[in-house]
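Now for the letters of each chain:
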Amino acid sequence: SLHLDKIKNNNYLKKSQLEKKLKIKFFKKNLIVTYHPETISSQKSLQNLSILLKSLIKIKNTMIIITSPNADAQGNLMINYIEKFIRKNKLKNFLFFKSLGSQVYLSLLKIVDGIVGNSSSGISEAPFFRVGTVNIGDRQQNRATVSGIINCKVSQSSIVKSINKILNKKF
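Overview of the structure. Being a predicted model, the structure only gives us computed values, none of them experimental. Sequence positions are assigned chain by chain, starting from 1 and proceeding in written order. pLDDT decides what is reported in this predicted model: residues at 70 or higher carry local features, side-chain atom pairs at 80 or more are listed and counted, and totals for whole chains, interfaces and linings draw on all residues regardless. Side-chain numbers here rest on the full set of heavy atoms in the structure, without hydrogens or water.

## Some points on helix H7 (residues 156-167)
Short version of the rule: Helix numbers and strand numbers start at the N terminus; a helix is a DSSP run of H or I with at least 4 residues, a strand a run of E with at least 2. Helix span is expected to be 1.5 Å times the residue number reduced by one. When accessible area is computed with a 1.4 Å probe and restricted to protein chains, residues below 20% of their type maximum are described as buried, those above 50% as exposed, and intermediate ones as partly exposed. Working rule for contacts: check all heavy atoms of both residues, and any pair within 4.5 Å makes them a contact.
Counted at 1.5 Å a residue, the expected span for H7 with its twelve residues is 16 Å, and the 16 Å between its end C-alpha atoms agrees. All buried positions along H7 are accounted for by Ser-158, Ile-159, Val-160, Ser-162, Ile-163, Ile-166 and Leu-167. Packing partners of the buried residues in H7 comprise strand E1 (29-34), helix H3 (45-57), strand E2 (62-67), strand E4 (114-117), strand E5 (132-136) and strand E6 (149-152).

In structure tokens:
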């Protein structure tokens, strides 16, 4: 797999290097969130993103590191929505990055407590780091998964329950 080669050959940054590079201070618990536009039903992309962000507010004492949606239809609308949501709600534990680059992203996967969203990264890369994934909705439907991946519906209760599960030390 190309993912294995990329993971194996990455020049990983240490936690302190990431903090300096990203100008952040990690929390005790940290999540990466990547939510792309829906490919099956693009009308629901913003609606589902709103549900996800409202769910994330309920996760306390956790740094939420949001990466940019891809360039699919509605990607720019989603970026604007995320930025406005963070500003409007004055969420100091929510950070949005339009681009992290492969080195930083993979380095983050080594230290975060989980990945949340509908990105293939949660299925193809996160398991190599023994990082739990909450895979939301149908975007990755019919992809092979492992036990560290929780597939959940786009609902606040399902998302919050799934995130709390991956943040549990026993998971």
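## Focus: the nonpolar core
When a protein is soluble and globular, its nonpolar side chains tend to lie buried together. Selection rule: Throughout this description, the term nonpolar core refers to a set of buried Ala, Val, Leu, Ile, Met, Phe, Trp, Tyr and Cys residues connected via side-chain atoms within 4.5 Å.
Core analysis: the biggest nonpolar cluster contains 28 residues, and Ile-66 and Ile-163 have the highest contact counts within it. Mapped onto this core, the elements with two or more residues apiece are E1, H3, E2, helix H4 (75-89), strand E3 (94-97), E5, E6 and H7. Apart from residues no more than four positions distant in its own chain, Ile-66 is found in contact with Val-33, Leu-53, Ile-82, Ile-86, Phe-94, Leu-95, Phe-96 and Phe-97. Ranked by size, the runner-up nonpolar core spans 21 residues in total, among them Leu-22, Ile-32, Ile-65 and Ile-115.

## Some points on the packing of aromatic side chains
Quick reminder of the rule: Each Phe, Tyr or Trp ring (for Trp, its six-membered ring) is paired with any other whose centre lies within 6.5 Å, and the angle between the two planes then decides the class: stacked below 30 degrees, edge-to-face above 60, tilted in between. Two limits define a charge over a ring: the Lys NZ or Arg CZ must be within 6 Å of the ring centre, and within 35 degrees of the ring normal.
Summed over the entire model, instances satisfying the criterion amount to two aromatic pairs. Plain terms: the ring middles of Tyr-12 and Phe-129 are 6.1 Å apart, the flat faces sit at 75 degrees to each other, and that makes the pair edge-to-face. Of the two residues, Tyr-12 is situated in the loop between helix H1 (2-9) and helix H2 (15-22) and Phe-129 in the loop between helix H6 (121-124) and E5; the sequence distance between them amounts to 117 residues. Overall, Tyr-12 belongs to the partly exposed group, its relative accessible area being 23%. Measuring from ring centre to ring centre gives 6.4 Å for Tyr-81 and Phe-85, while their planes differ by 20 degrees; the resulting arrangement is stacked. You can see Tyr-81 and its partner Phe-85 sitting in helix H4, four residues apart, about one turn around the helix. A residue is classified by how much of its surface remains accessible, and Phe-85, at 8% relative accessible area, is buried. Residue placement shows Lys-110 over the ring face of Tyr-12; its charged tip is 4.6 Å from the ring centre.

## Quick word on the pattern of salt bridges
Test applied: The term salt bridge refers to a pairing of a side-chain nitrogen on Lys or Arg with a carboxyl oxygen on Asp or Glu at a separation within 4 Å.
For the structure on display, the rule yields one salt bridge. Put simply, Glu-19 and Lys-25 hold a salt bridge, and the shortest N to O gap is 3.8 Å. Glu-19 gets classed as buried once you look at its relative accessible area, which sits at 15%.

## Topic: the pairing of E5
Rule in force here: One requirement defines pairing of two strands: DSSP has to find at least two bridges between them.
The buried fraction of E5 amounts to five of the five residues, a majority that puts the element mostly inside the structure. Relative to E5, E4 is paired through four bridges, and the arrangement is parallel. Bridge assignment links Ile-115 to a residue of E5, and that residue is Thr-133. Direction of pairing for E5 relative to E6: parallel, over a ladder of four bridges. Residue pairing in the sheet places Val-134 in a bridge with Ile-150 of E6.

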